[in-house]
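Here are the chains, one letter per residue:
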Amino acid sequence: RVVYEHRAGFGRIHSGGKVPLGLKRKGLRIVVTGGAGFVGSHLVDRLINRGDSVIVVDNFFTGRKENLMHHFGNPRFELIRHDVVEPILLEVDQIYHLACPASPVHYKFNPVKTIKTNVVGTLNMLGLAKRVGARFLLTSTSEVYGDPLQHPQVETYWGNVNPIGVRSCYDEGKRTAETLAMDYHRGAGVEVRIARIFNTYGPRMCIDDGRVVSNFVAQALRKEPMTVYGDGKQTRSFQYVSDLVEGLMRLMEGEHVGPFNLGNPGEFTMLELAQVVQETIDPNAKIEFRPNTEDDPHKRKPDISKAKELLGWEPSIPLRKGLPLMVSDFRQRIFGDHKDTIT
Ligand code: NAD
Ligand code: UDP
Ligand code: UDP
């Protein structure tokens, strides 16, 4: 969807994708909630580079200004410290709604706040989308499938989720967020898009957020043993962040509501992941077994046929290619080594 009109106030012309003669593509006005975080900041980079104007709304719970500092001073970039649990008035064309802690350590820290962010925060952003006629994209999660009884997971699978467990604030919260998005779509005609994101890694992840890739990489760099939870035979499928951002943008610009799985189908056990980290950082890195956390899903792998067919999207960066890019960033942040900086 492209806007061509010179804007006085809040006017828009939709051209159905064709550039009318004599008019140049105008940038869109886009809100990215959670834009100071890991995925959000990479998305903001792409949108700003494309020529759009971006307003980041973030309460800095897990996000960092450092992730966005390279845009400070750009007139097309604004950063607002705001909690999405509170209403906000903005005039925009698109809303990428990412605000929500994503790592289990962070979302379990204050579970009620996590639910409020997912439910009230998403309600507010949908209310905003409805008021200004903006398109709204929800970043949901593979966790909506819970501990899946179907493998790999297809979008039509309804999931196997514990409603009263320690992860429920996140996975049930995201399920409710999906419900809200669909009800605003059906009931109020809001153009919504739903992405179900599978485990994603890359530069700018919080170093100590407790997720497995960030833990193993930081541990191996610090010469500490890599902590494998349980027997290490549980699986995850790891997606490099630039592949995800490409998928999110295709979903937003396309005509399909979703939900769409966005993930890399390459599936690894945690022990295999530890081995890849050894190959990448330190062949002598040790492994230490720890008890697993409650309700840990045994396996997870996306079926991405739908995204391939309808969005023309599939990931292009395998784990062994993406991991070194993340390692350079972590090395620089942990040791202040300015070689190999990834921005
Ligand atoms: P992140 O923690 O790095 O980013 C989340 C951002 O949201 C942070 O900047 C944080 O400060 C902000 N935030 C949290 N609560 C907020 C609130 N109440 N108001 C305003 N801002 C708030 O996490 P991420 O990995 O970048 O995840 C981004 C989105 O993608 C999340 O919605 C997450 O659920 C989803 N997702 C991520 C993954 C993954 O593997 N990274 C997987 C599935 C889904
Ligand atoms: N909302 C917001 N910004 C807006 C419009 C709405 O934050 O520009 C919030 C609003 O405060 C409300 C929520 O979004 O809490 C849902 O709005 P909606 O208009 O759908 O419902 P209502 O206000 O009628 O309950
Ligand atoms: N995990 C691990 N060691 C760690 C952190 C996590 O073995 O230091 C395991 C965890 O038990 C889970 C998998 O890695 O089985 C992925 O965990 P993560 O928190 O990264 O993501 P999620 O569980 O949300 O998929």
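In this text the structure is predicted, and so the values were computed from the model without any measurement.

> Please clarify how the overall build of the protein chain should be interpreted in this entry.
If you tally the helices and strands in the protein chain, you get nine helices and 13 strands. Over its C-alpha trace the protein chain gives a radius of gyration of 20 Å, about what one expects of a compact globule, namely 20 Å for 343 residues. C-alpha atoms of the protein chain, sized along the principal axes, occupy 60 × 45 × 35 Å. Considering the protein chain as a whole, with its 343 residues, one finds that 44% of them fall into the buried category. Sequence separation of 24 or more characterises 77% of the internal contacts of the protein chain that already satisfy a separation of 6 or more.

> Explain the UniProt feature "domain: NAD(P)-binding" (unreviewed entry) in the protein chain to me, please; I cannot follow it from the model alone.
Per the UniProt entry, the sites bearing "domain: NAD(P)-binding" (unreviewed entry) are residues 32-324 in this numbering. Helix makes up 37% of residues 32-324 and strand 17%, with an end-to-end C-alpha separation of 28 Å.

> Honestly, the site of ligand 1 in this entry has me stumped. Any pointers?
Taken together, 28 residues surround ligand 1, and among them Gly 34, Gly 37, Val 39, Thr 62 and Gly 63 come closest. Every element with two or more residues in the shell around ligand 1 is listed here: α1 (38-50), α3 (111-132) and β5 (135-141). The element that contributes the greatest number of residues to the shell around ligand 1 is α1, accounting for three residues. When the residues that make up the shell around ligand 1 are grouped by side-chain class, the tally is 13 nonpolar, 13 polar and two charged.

> Could you clarify how one ought to interpret the site of ligand 2 in this entry?
Within the structure, ligand 2 sits among Pro 87, Ile 88, Leu 89, Leu 123, Asn 124, Gly 127, Leu 128, Lys 130 and Arg 131. In terms of residue class, the shell around ligand 2 is built from five nonpolar, two polar and two charged.

> I tried to follow the nonpolar core on my own but got confused; where do I start?
The nonpolar side chains of a soluble globular protein tend to be buried, and buried together. Counting residues in each nonpolar core, the largest one holds 77 residues, and the members touching the most others are Phe 136, Val 217 and Leu 248. Residues in contact with Phe 136, not counting those within four places in the same chain, are Ile 95, His 97, Met 125, Leu 126, Ala 129, Ala 181, Val 190, Glu 191 and Val 192.

> Is there a simple way to think about unusual backbone geometry in this case?
Residues apart from glycine generally show negative phi values, whereas peptide bonds are mostly found in trans. At the junction of His 151 and Pro 152, the peptide bond is cis and its omega measures out at -10° in the coordinates. Relative to the assigned elements, Pro 152 resides in the loop between β5 and α4 (168-188). Gly 258 connects to Pro 259 through a cis peptide bond whose omega is 5°. Here Pro 259 is to be found in the loop between α6 (241-253) and β11 (260-262). A positive phi is found at Phe 60, a non-glycine position, where the angle reads about 60°. Residue placement: Phe 60 occurs in the loop between β2 (53-58) and β3 (77-81). Given 13 C-beta atoms within a 10 Å radius, Phe 60 is considered partly exposed.

> Sorry if this is basic, but what is going on with the packing of helix α5 (residues 212-221) against helix α9 (residues 319-335) here?
Between two packed helices, what matters for the description is the angle formed by their axes and the separation of those axes. The N-to-C vectors of α5 and α9 enclose an angle of 55°; their axes lie 10 Å apart at closest approach. Here α5 lies oblique to α9, going by the angle between them. Taken as a pair, α5 and α9 cross one another with a handedness that is right-handed. On α9, the residues touching Val 217, Ala 218 and Leu 221 of α5 are Met 326, Val 327, Phe 330, Arg 331 and Ile 334. Classifying every residue of the contact of α5 with α9 by side-chain character gives seven nonpolar, no polar and one charged.

> Explain α9 here, please?
Since there are 3.6 residues in each turn of an α-helix, residues three or four apart along the chain are aligned in direction. Between its terminal C-alpha atoms α9 stretches 23 Å, which fits the 24 Å expected from 17 residues at 1.5 Å a residue. Residues of α9 that are buried: Leu 319, Gly 322, Leu 323, Met 326, Val 327 and Phe 330. Burial along α9 is one-sided: seen end-on, the buried residues are contained in an arc of 140°. The exposed set on the far side of α9, more than 90 degrees from its buried face, consists of Lys 321 and Phe 335.

> Explain the sheet that holds β3 to me, please; I cannot follow it from the model alone.
Strands pair in a sheet through their backbones, by hydrogen bonds, and they do so in one of two ways: parallel or antiparallel. With respect to topology, seven strands assemble into an open sheet ordered β3-β2-β1-β4-β5-β6-β11, the strand pairing being parallel. Across the chains shown, the open sheet's two edge strands, defined by having one partner strand only, are β3 and β11. The average angle at which neighbouring strand axes cross in this sheet is 20°, direction not considered. In this fold α6 packs onto β4 (94-97), β5, β6 (192-197) and β11, with an angle of close to 160° to the strand it touches most, β6.

> So what exactly am I meant to see when it comes to the environment of Gly 254 here?
Of note, Gly 254 is situated in the loop between α6 and β11. What makes Gly 254 partly exposed here is the crowd of 17 C-beta atoms within 10 Å.

> Looking at this structure, how should I read helix α7 (residues 270-280)?
Every buried residue belonging to α7 is among Met 270, Leu 273, Ala 274 and Val 277, and all of these are buried. Buried residues of α7, seen end-on, are gathered within an arc of 100° and therefore sit on one face of the element. Contacts from the buried residues of α7 go to α5, β8 (226-229), β12 (267-269) and β13 (287-290).

> How should I be thinking about the packing of α3 against α4 in this particular structure?
The geometry of α3 relative to α4 is characterised by a closest axis approach of 9 Å and an angle of 15° between their N-to-C directions. Comparing the axis directions of α3 and α4 gives the class roughly parallel. With respect to the hand of their crossing, α3 and α4 are arranged in right-handed fashion. In this structure, α3 uses Pro 111, Thr 114, Ile 115, Asn 118, Val 119, Thr 122, Leu 123, Leu 126 and Lys 130 to contact α4, whose residues at the interface are Cys 169, Tyr 170, Gly 173, Lys 174, Thr 176, Ala 177, Leu 180, Ala 181, Tyr 184 and Ala 188. In terms of residue class, the contact of α3 with α4 is built from twelve nonpolar, five polar and two charged.

Reading the values: the criteria
- Residues numbered from 1 in each chain as written.
- Chains lettered and ligands numbered in written order.
- Predicted model: local features only at pLDDT ≥ 70, side-chain atom pairs only at ≥ 80, totals over all residues.
- Helix = DSSP H or I, 4+ residues; strand = E, 2+ residues; numbered from the N terminus.
- Rg over C-alpha atoms; globule rule 2.2 N^0.38 Å.
- Buried ≥ 20, exposed ≤ 12 C-beta atoms within 10 Å, placed from the backbone.
- Contact = placed C-beta atoms within 7 Å.
- UniProt positions renumbered as here; feature names shortened; annotations may be inferred.
- Near = placed C-beta within 6 Å.
- Nonpolar A, V, L, I, M, F, W, Y, C, P; charged D, E, K, R; others polar.
- Core = buried A, V, L, I, M, F, W, Y, C linked by C-beta atoms within 7 Å.
- Axes fitted to C-alpha atoms, helices over the stretch in contact; angles between N-to-C directions.
- Parallel < 35°, antiparallel > 145°, perpendicular 65-115°, else oblique.
- Left-handed = near helix turned anticlockwise from the far one by under 90°.
- Expected span 1.5 Å × (residues − 1).
- Arc of directions from axis to C-beta.
- Pairing = 2+ DSSP bridges.

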